[in-house]
Every structure is written in C-alpha cells, then in structure tokens.
Amino acid sequence: MKRRDTDYLYSTTRIRAMEKNLLNAERIGRMLDAKSFEDTVRIPAEMGYGEITEPSQKSIEHALAKERDDTIKTILSFVDECGIVDIIRLKYDYHNIKTLIKAEHMPEEADILSGAGHIPFDVIKTSMRESDFGDFDPIMRGGIIEAREVLSRTNDPQLSDFVLDRAYFAELLKSAGETKSGFIGGYVRLLIDVYNLRAWVRATRQKKNIEFIKNALISGGDTDVSRLLSAGAERGGINEIYSGTRLSEAAAAGERAASGETGFLDFERLCDNALIEYIKSAKYVAFGEAPIAAYLIAKEADITNIRIILAGKLEGLSADEIRARLRGQYV
C-alpha cells in the first residue's frame, strides 16, 4: 500500500533540521578564503564532519566516507521506509561489485570498497568468493554473472562495467517504481539521461564506433536512446535533442567537449548541476518522501564539493580556479 505523505511528518521535520548543516554559499566562501588547510577544514568540522587529521588525500577521503556512512545511519534511525534510502545507496553496492570483479582479474586495479551500500561489503566479498548470489536481487545476480563472463572473455573492464551499469539502472528503475514516488521516479530517469549524455560525449570524443555507443547507452530515461544513436552516427546534433530540457546547458557544453573544442570540466559540472536543480523542488514539499531522498542526494553533492575544495587547496589552486569546479548547492 502506498504510504501517505503525512506518514513522513516526523522524518521530514528531522530532515529540515539537518538541512541547516548542509553546505551553502557562505560556508563555501569561508572555505575558499581560508589562508591555510587547517583553517579550511574547520568549516566542515563545524558542520559535523569528522576531524581531518592531516593535509592528505587519504585523510580527506576517510573523513568524507565516515560522514557519508554516519549520515545514512542517522537517517535510517528515524525513517521507517528504508527503501527510499536504499535506492540512494544502491550505487555503492554496484561500486563494490565492480571493484571485486576487476580485482579477480587485475588485483593492481582494485579500488577501495565503500561501506555506504545497503549490502555489507563483507557479504558481497563472501558471495563473490563462493559464487553464491542467491540473496541478491535477480537483476544484480544476473549482472554479476554476465559481467564476470564478459571480463573473462574480453579482458576489457569497460565492457564489464557497461553490463553492471545496465543492471544498476534496471534495479534502480524497479526500486523507484516500488516506491510509487513521482519525485524519485523522475530523479532516476534524469540520472539515466545524464549517464547517457556523458557516455555519448566521451565515446564521441574518443571517436568510438556506433556499436560501442549503442553498448554504452541505457534505456529508461526520458530521452529516446535512438535519437542519441542517430546523433552518434552523425557525430553531432545533441543540442537539438536536449533543447528545452533540464540538460540543455549540459548538452551544449557536451557537444563542445565531444568535438575537442573544450575539456570536460564545465560539461561535468553542468550535468551534476541539472540533478541538483531537480531535487530543489523538494524544499517546497511540506512532508513526504521527496525531502528525505533530496537530502541524501544533496549530502553527496556536499561531499563532492568539500572534496573539490580540499583537493584544490592541496594542489595550491586559487579560489577562482577551485570555484570553477564546484557543483551547485541544494541550500
């Protein structure tokens, strides 16, 4: 049975209180203006982030990962409908699966596992080792089996990733449908459109053939994949496809990046900003599932921006150079 919006009254009230500690323009300004790395990290500490013990990428990532994990635990402590939270966490499960499959063939390429997924990574590790995926969603199970086979046959991790990306979005669409939330369903469709736009731009810039582009694209978004394939064959024309949509600015930047006229920096930023602009509608929802999902997405955007600022400080970039890389804020 579909939950009523009023069922989320208490959880929405808690979320509104937590929103006060999200990154805003004033806090970003203070971080950019800070004269030292030590002064910079005081601002996220004021927002509840853990201590960044040293000016290193490792220390930064440890603190950001802990904040992500703590945020999820906090929200799960007062949200009865964990399906909403699990939808946002699903990408970390697939990150862990990708990492472990690659490690089977290329141990030196292994990435760090995330604790933010809804399946404990120890469970995923055991399941991968024993090839026992009985407790996983059938879509995930099928994706793992196919991705392993593809990587074993081709030794191409990118093709294996394509398989798992298709499984991820298929499971995401299924889970979004189960929530019966228009807000979450719209976000997932936009997420697919962003993924496809990014895939098209990168493949076109790399001069990949149409079969590669076809393999990279995902169905289920609001933009017809066949139109992107036609644009891929013609090596252009995506401005018209996305005209009047949330991705119109990103598509214009993407076409410039695809042609080699510019780099990817502005394009990637505009893609992320389109997602942030979408979730801002949740700020005007009195109570319901939308503010919960939007907060988790906004928190991830905050983590990205804090990472960009701190990494920029470590690299010695100017405030203007760092600001050019920042994504939009929810608040």
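From a predicted model like this one, the values you see are computed outputs, not experimental measurements.

About the criteria used
- All residue numbers refer to position in the chain's written sequence, counted from 1.
- Local features in this predicted model are restricted to residues whose pLDDT is 70 or higher, and side-chain atom pairs enter the listing and the counts only when it is 80 or higher, whereas totals over whole chains, interfaces and linings include all residues.
- Just so you know, side-chain values use all the structure's heavy atoms and leave hydrogens and water out.
- Here the nonpolar core consists of buried residues drawn from Ala, Val, Leu, Ile, Met, Phe, Trp, Tyr and Cys, with membership extended through side-chain atoms lying within 4.5 Å.
- The classification of residues rests on relative accessible area computed with a 1.4 Å probe and restricted to protein chains. Under 20% of the type maximum is buried, over 50% is exposed, and intermediate values are partly exposed.
- Helix and strand assignments come from DSSP, with helices taken as H or I runs of at least 4 residues and strands as E runs of at least 2, each series counted from the N terminus.
- By definition, residues are in contact when any of their heavy atoms lie within 4.5 Å.
- The directions from the helix axis to the C-beta atoms form the arc being described.
- Any helix carries an expected span of 1.5 Å times its number of residues minus one.
- Only one rule defines a salt bridge in this text: a Lys or Arg side-chain nitrogen within 4 Å of an Asp or Glu carboxyl oxygen.
- Every axis corresponds to a line fitted to the C-alpha atoms, with the helix fit spanning only the stretch in contact, and the corresponding angles, defined between N-to-C directions, vary from 0 to 180 degrees.
- For this classification, under 35 degrees means roughly parallel, over 145 means roughly antiparallel, 65 to 115 means roughly perpendicular, and everything else is oblique.
- Take the far helix as the reference: if the near one is turned anticlockwise from it by less than a right angle, the crossing is left-handed, and if turned clockwise, right-handed.
- Each residue is assigned to one of three groups, with Ala, Val, Leu, Ile, Met, Phe, Trp, Tyr, Cys and Pro labelled nonpolar, Asp, Glu, Lys and Arg labelled charged, and all others, Gly among them, labelled polar.
- Classification of ring pairs uses Phe, Tyr and Trp, with its six-membered ring standing for Trp, and accepts pairs whose centres are within 6.5 Å; under 30 degrees between planes counts as stacked, over 60 as edge-to-face, and the remaining range as tilted.
- Both a distance and an angle decide whether a charge sits over a ring: NZ of Lys or CZ of Arg must be within 6 Å of the ring centre and within 35 degrees of the ring normal.

Novice: Is there a simple way to explain the nonpolar core in this structure?
Specialist: Considering soluble globular proteins, one finds that nonpolar side chains tend to be buried as a cluster. Grouped together as the largest cluster of nonpolar side chains are 88 residues, with contacts concentrated most on I75, F183, L197, I238 and I279. If you tally residues by element for this core, the top one is helix α9 (residues 182-205), at 14 residues. Sequence-distant contacts of F183, defined by excluding residues within four places in its chain, comprise Y278, I279, S281, A282, E289, A290, A293 and A294. Formed by 20 residues, the second largest nonpolar core is a distinct cluster that contains F37, M47, I303 and I322.

Novice: What is the right way to read helix α3 (residues 37-46) from this model?
Specialist: Since the α-helix turns once every 3.6 residues, residues separated by three or four places project in the same direction. Considered for burial, the residues of α3 that qualify are F37, T40, V41, I43 and P44. Taken down its axis, α3 places every buried residue within 140 degrees of arc, on the same side. Taken together, the buried residues of α3 touch α2 (25-33), α4 (57-76) and α15 (289-315). Phi turns positive one or two residues past the end of α3, at G48, with a value near 105 degrees.

Novice: What's the story with α4 in this structure? I'm lost.
Specialist: In a regular helix each residue adds 1.5 Å, so 20 residues correspond to 28 Å; α4 covers 29 Å between its end C-alpha atoms and thus fits that length. Every buried residue of α4 is accounted for by S59, I60, A63, L64, E67, R68, T71, I72 and I75. Taken together, the buried residues of α4 touch α1 (9-19), α3, α5 (82-105) and α15.

Novice: I keep staring at the pattern of salt bridges and nothing clicks. Help me out?
Specialist: Opposite charge on two side chains permits them to pair, given that their charged atoms come into close proximity. Following the criterion strictly, the structure yields 21 salt bridges and no others. The partner of R189 in a salt bridge is D222, and the shortest N-O contact between them spans 3.0 Å. A residue pair is termed long-range when its members are at least 10 positions apart, and R189 in helix α9 and D222 in the loop between α10 (210-216) and α11 (225-234) qualify at 33 residues. According to the relative accessible area criterion, D222 is exposed, its value standing at 55%.

Novice: I tried to follow the environment of I75 on my own but got confused; where do I start?
Specialist: Note on placement: I75 falls in helix α4. Setting aside chain neighbours within four positions, we find I75 in contact with I15, M18, V85, I292, Y295 and L296.

Novice: For this particular structure, what's the right way to read the packing of α2 against α15?
Specialist: Two numbers describe a pair of packed helices, the interaxial angle and the distance between the axes. Contact geometry of α2 with α15 gives a least axis separation of 10 Å together with a crossing angle of 15 degrees. The angle between α2 and α15 places the two elements in the roughly parallel class. Remark: the crossing between α2 and α15 carries right-handed chirality. When α2 is examined against α15, the residues I28, M31, L32 and D33 are found in contact with a partner set consisting of I306, I309, L310 and K313. In terms of residue class, the contact of α2 with α15 is built from six nonpolar, no polar and two charged.

Novice: Please clarify how unusual backbone geometry should be interpreted in this entry.
Specialist: A negative phi angle is the norm for most residues apart from glycine, just as the trans form is the norm for most peptide bonds. Here S131, not a glycine, exhibits a phi torsion of approximately 55 degrees, which is positive. Within the element layout of this structure, S131 appears in the loop between α6 (121-130) and α7 (138-154). Of note, K207 is a non-glycine position whose phi angle comes to about 60 degrees, a positive value.

Novice: Would you mind going over the packing of aromatic side chains with me for this structure?
Specialist: Any aromatic ring pair is given by two values, namely how distant the centres are and how the planes are angled relative to each other. For the coordinates displayed, the defined rule picks out eight aromatic pairs. A centroid spacing of 6.4 Å and a plane angle of 90 degrees characterise the contact between Y10 and F78, whose relative ring orientation is edge-to-face. Placement of the pair is Y10 in helix α1 and F78 in the loop between α4 and α5, with a sequence separation of 68 residues. Between K283 and the ring centre of Y330, over which it is positioned, the NZ or CZ distance is 5.7 Å.

Read these as spatial facts, not as claims about activity.
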